[in-house]
Amino acid sequence: MKRAFLSALLLTAAPLPAMAQEAKPTADLSAPVQTFGRVSFDARSLMIDGKRQVIWSGEFHPFRLPSPDLWRDVLQKMKASGFNTVALYFDWGYHSPKQGVYDFSGIRDLDRLLTMAEEEGLWVMTRAGPYVNAEVSRGGFPGWLVNQKGRARTDDPEYMAAADEWLTQINAIIARHQINGDGEGRGGKGHKGSVILHQIENELALTTPAQRRYMDHLYAKARADGITVPIFHNDQGRNGYWVPEGSSVDKVVHGPNDMYAFDGYPGGTCTVEGKPTRSVAAPDWGFYGPGGAKGGASASPKTPGFLAEFGGGWFDYWGSNGSYECNAIQRGKRFQRVFYGTNLANGIGIQSFYMVYGGTSWGWLPAPVVFTSYDYGAAISEARGLREKAMEMKQLGGLIASVPDLAGMIPAGTPEISSPNIQVYHNKSLETDARFLMVTHKPSNGQTDDSFTVTAALPDGRYTFPMRLNGFDAKWLVAGVNLGGQRLVYSTSELQSASKTGDADLLLLYGRAGETGETVLRYTSAPKVEVLEGAATSAFDAAKGDLKLTYTHKGRSVLRVSGGGRGDLILILADEAEGAHYTRAQTAAGTVLVRGPELVRSAALKSGGLALTGDIAQPGAIEVWAPAIVRSLTWNGARVATKASVAGGMNSTTSLPGPAPIALPALTGWRMAKGSPEADPKFDDSAWQAVGGNRPNASITQRPDGQPNLGMDAYGFHEGDVWYRGRFDGTAGAKTVSLFYGAGGSGLVQAWLDGKFIGQAETPGGIPRPITTGTVTLDLPPEAQASGSHVLSVIVRNNGHNWDLDADDFHKEARGLISASISQPGGRSFAVPIAWKIQGKRGGEDLADPVRGIANNGGLHGERMGWHLPGFDDRKWTAATVPATSAEPGTTWYRTAFDLAAPKGQDATIALAFGDTESPRSVAKYRVLIFVNGWNMGQFVAHVGPQRVFPIPEGILNHRGTNHVALAVTSDGAPGDALEAVKLVTLRNVRGGIPVQTVSAPVRPDQLK
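Numbers given to residues run from 1 along each chain, matching the order in which its sequence is written. Reporting in this predicted model follows two pLDDT cut-offs: at least 70 for local features of residues, and 80 or more for side-chain atom pairs to be given and counted; totals over whole chains, interfaces and linings ignore these cut-offs and use all residues. Hydrogens and water molecules were not included; the side-chain quantities draw on all heavy atoms of the structure.

Asker: Would you mind going over the overall build of the protein chain with me for this structure?
Answerer: Starting at the N terminus, helices and strands are each numbered in turn, a helix being any DSSP run of H or I of at least four residues and a strand any DSSP run of E of at least two. Looking only at helices and strands, one finds 10 helices and 58 strands in the protein chain. Our radius of gyration looks at C-alpha atoms and nothing else; its globule reference is 2.2 Å times the residue count to the power 0.38. Against the globule reference of 30 Å for 1009 residues, the protein chain gives a C-alpha radius of gyration of 31 Å, in line with a compact fold. By its C-alpha atoms, the protein chain is 110 × 65 × 55 Å across when sized along the principal axes. Throughout this description, buried means an accessible area under 20% of the type-specific maximum (1.4 Å probe, protein chains only), exposed means over 50%, and partly exposed covers the range between. Here the protein chain, with 1009 residues, has 65% of them falling under the buried criterion. A sequence separation of at least 24 residues applies to 73% of the contacts in the protein chain between residues at least 6 apart. Positive: Lys, Arg. Negative: Asp, Glu. His and the chain ends are not part of the count. Lys charges are placed at NZ, Arg charges at CZ, Asp charges at CG and Glu charges at CD. Between the averaged position of the 98 positive side-chain charges in the protein chain and that of its 98 negative side-chain charges there is a distance of 3 Å. We call two residues in contact whenever any of their non-hydrogen atoms come within 4.5 Å of each other.

The following block contains the structure:
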């Protein structure tokens, strides 16, 4: 049942035109504050140390960036882009190669990650599973869990015992990094942690008693393991599932959580031409929505609106036309203003955008629904570059940081709008009466170019002000708010920053280029207005005490306002592009505002000087506004000569230098070797495992009666390629062989009979939700009918296990061969006994290379022999040229080495590129496993696509030394199906960056266990 508590709190106003925004009673403002140490909440907002906060978060997956030094790079970019919180998924399988074995060292060092987040001033939401989805293989479950008969994500004892193993490990790490901590985190003295919220399950949409008991157990386990911050679950969509006890909304499902959170990915799609479309209106999932269990935040009236995931992009699939750049635009500028602002206006004060940095699903991390790149069209690209949408997020985050009154706002009544095309969300702070007005188009008007007026009862009086919206857009306005020593009555420009410069207040407002702006400030008497730069006019209304400033947004105008009963004010009026050049950074003495560099990483006060670090993409000046204590400036450790700027700050007297170009060598000196010796009937497979016997059989995939359990998981092989060798007697007249196989997204099966290639098949690409198993019938050569023993050699490439999104054990679908049957001439099937042996990743679950870990290797012969490692001796291999002119069926390995000499003090992302990078796919049919310095950095499938360029993070790639590339190229051997040109390309290059150490890992085969 909905509660009617808001009616007495909403301001009255004249009736609105049809479709106006009217608030619904969807939150219980009478709900008590719930306290969890330093973190508390009520129906309106989260509070930290008793102070209301807007949680402005982005998702980052450390397992998708296997260079731990660069975790800090991403966190610093998030902070600079306006985020105050980072959400972190932890992949159970990434840390557990074998039941009872857990690794949190090196690239899996979560202590280090959480310490970094605190050091960079970010709060943390931990999302530890056991199930995370995240488009990783098995949704984050470890490979060994596939062999459990107990149903996952229930209270089945076998599953729960396994989950508890993981939770005991990960909860202990999280507990010591909580904001409620005692300073014993690995960061040492003074590091008390910054984890503020903890998720115990993800998108669990089954709500049977078994799931309820499971959820109860997860909650109790977290508390028993010392987690004291509020606990939540992320609802898959808006089902009203696992709402905290006490909600009286009809049709919700209660659970043990402290807070209700949900996710959503509206916003339309990208077309096959790669152009963005917008077919979905921004939804009202809170105050202004329909209410009820499926209304979003209204399902839990006693807790604040909480979007644990909101679309910051979308993932891409095998065989698409390449939609990451399209997604970056479609869910980029303007989308962010319209959709994220609508959420904020609806009382959703906890938002986390998925993803803010997607990264790379390197090795065998990807689920079947994605390929290597997990760029996601996010604000920070896979190459760690700041997209245009990150600049807009910086402006929106600056508003949130500058106006704490935004936290906990409620609807404030309905303003009058002169245009039927426009809607205005009008909210207020109960504590200060400050206002937030989110102005946007109604979904039905076609997003035209509109000029209109808005009339609203504001804290300082009733005002009518002019506005303009050009197409799909929204403006986030504040009114009736105190900013330092100034009183902002209203502005039709958007506020990006409020701080101090010297002893004066500093405000940065911005608007669309060419549009007029109007800002009203309150004084007790007429102040003095000086135009220091640009143009603006002013008028003072003595009766109201209002100073009205009017101007056109064009580049930058700067005003100084003094007197009038207030301290001095420096007012910067910028157009949107100019505003994107400014970054807020925090010091012990307060906020500094910096104009110029692409990225400001840090700011610190040192003996009266301001020490800034960051990145510069192009040469240019730097301008700084800082507290009065600042008298000098350094940039990346170098002294910067400055002079007082006309805009009230300090300006560098010379340009800061940009990056030098990076000279990339051509890849030459290739050597090659055949990589499928298992196809040879004389190959020694005596050490391989025999198929059959008492093997676990938890697969949900049915196989024909009488067939042995061929599935690769039953033999301890969970990732990548797996080989089968089967012997049978040919006297029965074998004509064809039918293979039923599981291979994930765009996976592969190849087969040989007595060393002769007989064909291959692939699971189909070009499908967002791929078909992951297949059947192929291959003709056997005439010699298969000869008496005596024959050897059938089969390799299956497993491109990931399914996720378990619907909690139906879909991750247990079989991989590898499922069944094999032989037919006589005429198509008659008959039982021919095939004695199978199997071989996959060396040592099964006992890792040969625990440093790189479970994701790095599959079961190719070259992988088992260490051919991918930089220290492998390939001098006996054959010299080769690339591009290749031909290929043999099966896998051929290519190796080469090259030196890099990137200039010191620069940060770059260098990538490997294959063939024609302007086309999403080739005519040539082949696929490549890409190893750089021993690390499997992805898979290129030429004829499926769409990815052709593979970024290699520094730390994996040595930017100032020797590097080795090994390519495992698999082809059907048909003419033209051979390796295309391979080259190095620079995706981004800036002066700056942070120190990055090479990730230590085995170099030679004899260093593997």
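Asker: How should helix H4 (residues 157-175) be read in this particular structure?
Answerer: A turn of α-helix holds 3.6 residues, and therefore any two residues three or four places apart point the same way. Here, expected helix span is obtained from the residue count minus one, scaled by 1.5 Å. Between the first and last C-alpha of H4 there are 25 Å, a value that for 19 residues agrees with the 27 Å anticipated at 1.5 Å per step. Buried within H4 are the following residues: Tyr 159, Met 160, Ala 162, Ala 163, Asp 164, Trp 166, Leu 167, Ile 170, Asn 171, Ile 173, Ile 174 and Ala 175. In this structure, the buried residues of H4 make contact with helix H2 (92-95), helix H3 (110-119), strand S7 (123-127), strand S8 (195-202) and helix H5 (209-224). For the purposes of these results, a polar contact is taken to be a pair of N or O atoms within 3.5 Å, where, inside protein, one atom must be able to donate a hydrogen and its partner to accept one; residues adjacent in sequence count only when each atom of the pair is a side-chain atom. The N-terminus of H4 is capped by Asp 156, whose side-chain oxygen sits 2.9 Å from the backbone nitrogen of Glu 158.

Asker: What is the right way to read the side chain of Ser 557 from this model?
Answerer: Its place among the elements puts Ser 557 in strand S29 (residues 556-563). Judged by its relative accessible area of 4%, Ser 557 falls in the buried class. A polar contact is formed between the side chain of Ser 557 and the backbone nitrogen of Ala 535, at a distance of 3.1 Å. In contact with Ser 557, other than residues within four places in its own chain, are Glu 533, Gly 534, Ala 535, Leu 571, Ile 572 and Leu 573.

Asker: Explanation requested: the sheet that holds strand S15 (residues 410-411) in the structure shown.
Answerer: Hydrogen bonds along the backbone pair up the strands of a sheet, which may run parallel or antiparallel. Strands were regarded as paired on the criterion that DSSP finds at least two bridges between them. Here 8 strands make up an open sheet; going across it, the order is S15-S17-S18-S21-S22-S25-S28-S27 and the pairing antiparallel. The open sheet has two edge strands with one neighbour each: S15 and strand S27 (537-541). Of the pairings in the sheet, the one linking strand S17 (residues 422-428) to strand S18 (residues 435-441) comprises 7 bridges and is antiparallel in character. Residue pairing across strands places His 426 opposite Leu 437, the latter belonging to S18.

Asker: Explain the sheet that holds strand S44 (residues 748-753) here, please?
Answerer: On the basis of which strands lie adjacent, the open sheet formed by 6 strands has the order S41-S50-S42-S47-S44-S45 and antiparallel pairing. Where the open sheet ends on each side, the last strands, each with one partner, are strand S41 (689-690) and strand S45 (756-762). Bridging between strand S42 (residues 720-729) and strand S47 (residues 789-798) involves 10 bridges; their strand directions are antiparallel. When the bridges of S47 are listed, Trp 723 appears paired with Ile 795.

Asker: I would appreciate a short explanation of the pairing of strand S43 (residues 736-742) in the present structure.
Answerer: In regular strands, side chains alternate between the two faces of the sheet. Along S43, 7 of the 7 residues are buried, which leaves the element largely enclosed by surrounding structure. Of the two faces of S43, the one lined by Thr 736, Ser 738, Phe 740 and Gly 742 and the one lined by Val 737, Leu 739 and Tyr 741 are each fully buried. Across 7 bridges, S43 lies against strand S46 (residues 773-779) in antiparallel orientation. Residue pairing across strands places Tyr 741 opposite Gly 774, the latter belonging to S46.

Asker: Looking at this structure, how should I read empty space enclosed by the protein?
Answerer: Empty space among the atoms becomes apparent when a probe as large as a water molecule is rolled across them. Think of a 1 Å grid over the protein atoms and nothing else: a 1.4 Å probe that fits but is trapped marks a cavity, an open set flanked by protein within 12 Å on at least five of seven lines marks a pocket, and residues with an atom within 4 Å of a point count as lining. Grid points are joined across faces, edges and corners, and a volume is the space filled by probe spheres set on the points. Evaluated as defined, the whole model comprises 12 cavities of 30 Å³ or more. Taken as a whole, the largest cavity holds about 160 Å³ of empty space. Along its surface, the largest cavity is lined by 19 residues, and Asn 697, Ser 699, Asn 709, Gly 711 and Ala 814 are the ones closest to its centre. When residues are sorted by character, Ala, Val, Leu, Ile, Met, Phe, Trp, Tyr, Cys and Pro go into the nonpolar class, Asp, Glu, Lys and Arg into the charged class, and all the rest, Gly among them, into the polar class. Taken together, the residues that form the lining of the largest cavity break down as 8 nonpolar, 6 polar and 5 charged.

Asker: Would you mind showing me how to read the packing of aromatic side chains here?
Answerer: Any pair of aromatic rings gets described here by the distance separating the centres and the angle formed by the planes. Stacked, tilted and edge-to-face pairs are distinguished by plane angle, under 30 degrees for stacked and over 60 for edge-to-face with tilted covering the rest, among Phe, Tyr and Trp rings (Trp via its six-membered ring) whose centres lie within 6.5 Å. Enumeration over the complete set of coordinates arrives at 54 aromatic pairs. Taking the centre distance of 5.9 Å and the plane angle of 55° together, the rings of Tyr 324 and Phe 371 count as tilted. Here Phe 371 lies in the loop between strand S14 (350-357) and helix H8 (388-402) and Tyr 324 lies in helix H6 (residues 324-330), a separation of 47 residues in the sequence. The two residues Tyr 324 and Phe 371 agree in class, both being buried. For the ring pair Phe 335 and Tyr 340, a centre distance of 5.9 Å and an interplane angle of 80° mean the geometry is edge-to-face. Accessibility assignment for this pair places Phe 335 and Tyr 340 in one class, buried. Ring-over charges, as used throughout, are those where CZ of Arg or NZ of Lys falls within 6 Å of the ring centre and within 35 degrees of the ring normal. If you follow Arg 64 out to its NZ or CZ, it ends over the ring of Tyr 374, 3.5 Å from the centre.

Asker: In this structure, what is going on with the pattern of salt bridges? I would like to understand it.
Answerer: Should their charged atoms come close, side chains of opposite charge can pair. Within this document, salt bridges are pairs made up of a side-chain nitrogen of Lys or Arg and a carboxyl oxygen of Asp or Glu, the two lying within 4 Å of each other. Taken as a whole and judged by the stated rule, the model has 65 salt bridges. Across the pair Glu 518 and Lys 548 runs a salt bridge whose closest N-O atoms are separated by 4.0 Å. With Glu 518 in strand S25 (residues 516-522) and Lys 548 in strand S28 (residues 546-552), this pair connects stretches of sequence that are 30 residues apart. On the basis of relative accessibility, which here comes to 9%, the residue Glu 518 falls in the buried class. Judged by its relative accessible area of 33%, Lys 548 is partly exposed. Arg 556 is the partner of Glu 533 in a salt bridge, and the nearest nitrogen-oxygen pair spans 2.8 Å. Here Glu 533, found in strand S26 (residues 528-533), pairs with Arg 556, found in strand S29; they are 23 residues apart in sequence, far enough to count as distant. Among the ionic contacts, a cluster of salt bridges with common partners joins Lys 333, Arg 334, Arg 337, Glu 388, Glu 392, Asp 473, Glu 494, Arg 512 and Glu 576.

Asker: Just to check I follow, could you spell out the packing of helix H1 (residues 69-80) against H3 for this structure?
Answerer: Describing two packed helices takes the angle between their axes plus the distance from one axis to the other. At a minimum axis separation of 10 Å, H1 and H3 run at an interaxial angle of 35°. Note that H1 runs across H3; the crossing there is right-handed. Touching Asp 69, Trp 71, Arg 72 and Leu 75 of H1 are Arg 112, Leu 113, Met 116, Ala 117 and Glu 119, all from H3. A breakdown of the residues in the contact of H1 with H3 according to their chemical character gives 5 nonpolar, no polar and 4 charged. What counts as an axis is a line fitted to C-alpha atoms, over the stretch in contact for a helix, and the angles between N-to-C directions run from 0 to 180 degrees. We call a crossing left-handed when the near helix sits turned anticlockwise from the far one by less than a right angle, and right-handed when that turn is clockwise.

Asker: Explanation requested: the layout of surface pockets in the structure shown.
Answerer: In this structure, the largest pocket occupies an estimated 960 Å³ of space. Lining the largest pocket are 42 residues, with Lys 79, Phe 83, Gly 121, Ala 401 and Gln 586 sitting closest to its centre. Taken together, the elements giving at least two residues each to the lining of the largest pocket come down to strand S4 (51-53), H1, H3, H8, strand S23 (494-501), strand S31 (582-587), strand S33 (599-606) and strand S34 (609-615). For the lining of the largest pocket, the per-class residue count stands at 18 nonpolar, 15 polar and 9 charged. Size it by volume and the second largest pocket reaches roughly 670 Å³. If you trace the second largest pocket, you find 22 residues lining it, with Tyr 324, Glu 325, Gln 947, Arg 948 and Val 949 closest to the centre. Contributing elements (two or more residues each) for the lining of the second largest pocket: H6 and strand S56 (949-952). Considered class by class, the residues forming the lining of the second largest pocket number 8 nonpolar, 7 polar and 7 charged.

Asker: I keep staring at the nonpolar core and nothing clicks. Help me out?
Answerer: One broad rule of soluble globular proteins: the nonpolar side chains tend to lie buried together. For this analysis, a nonpolar core means a set of buried residues of the types Ala, Val, Leu, Ile, Met, Phe, Trp, Tyr and Cys, connected via side-chain atoms within 4.5 Å. Core analysis: the largest hydrophobic core is formed by 212 residues, its most contacted members being Phe 60, Leu 967 and Leu 979. Excluding anything up to four places from it in sequence, Phe 60 contacts Leu 65, Trp 71, Val 74, Leu 75, Met 78, Val 86, Ala 87, Leu 88, Tyr 89, Leu 113, Met 355 and Tyr 357. Of all hydrophobic cores here, the second largest spans 33 residues; its members include Val 722, Val 737, Val 776 and Leu 780.

Asker: I keep staring at the packing of helix H7 (residues 335-345) against H8 and nothing clicks. Help me out?
Answerer: At a closest axis distance of 10 Å, the pairing of H7 and H8 adopts a crossing angle of 40°. When the axes of H7 and H8 are compared, the pair comes out oblique. For the element pair H7 and H8, the recorded crossing hand is right-handed. Between H7, through Gln 336, Arg 337 and Tyr 340, and H8, the contact on the second element is made entirely by Lys 389, Glu 392, Met 393, Gln 395 and Leu 396. Working definition: roughly parallel below 35 degrees, roughly antiparallel above 145 degrees, roughly perpendicular at 65 to 115 degrees, and oblique for all remaining angles.

All we've got here are geometric facts, nothing functional implied.
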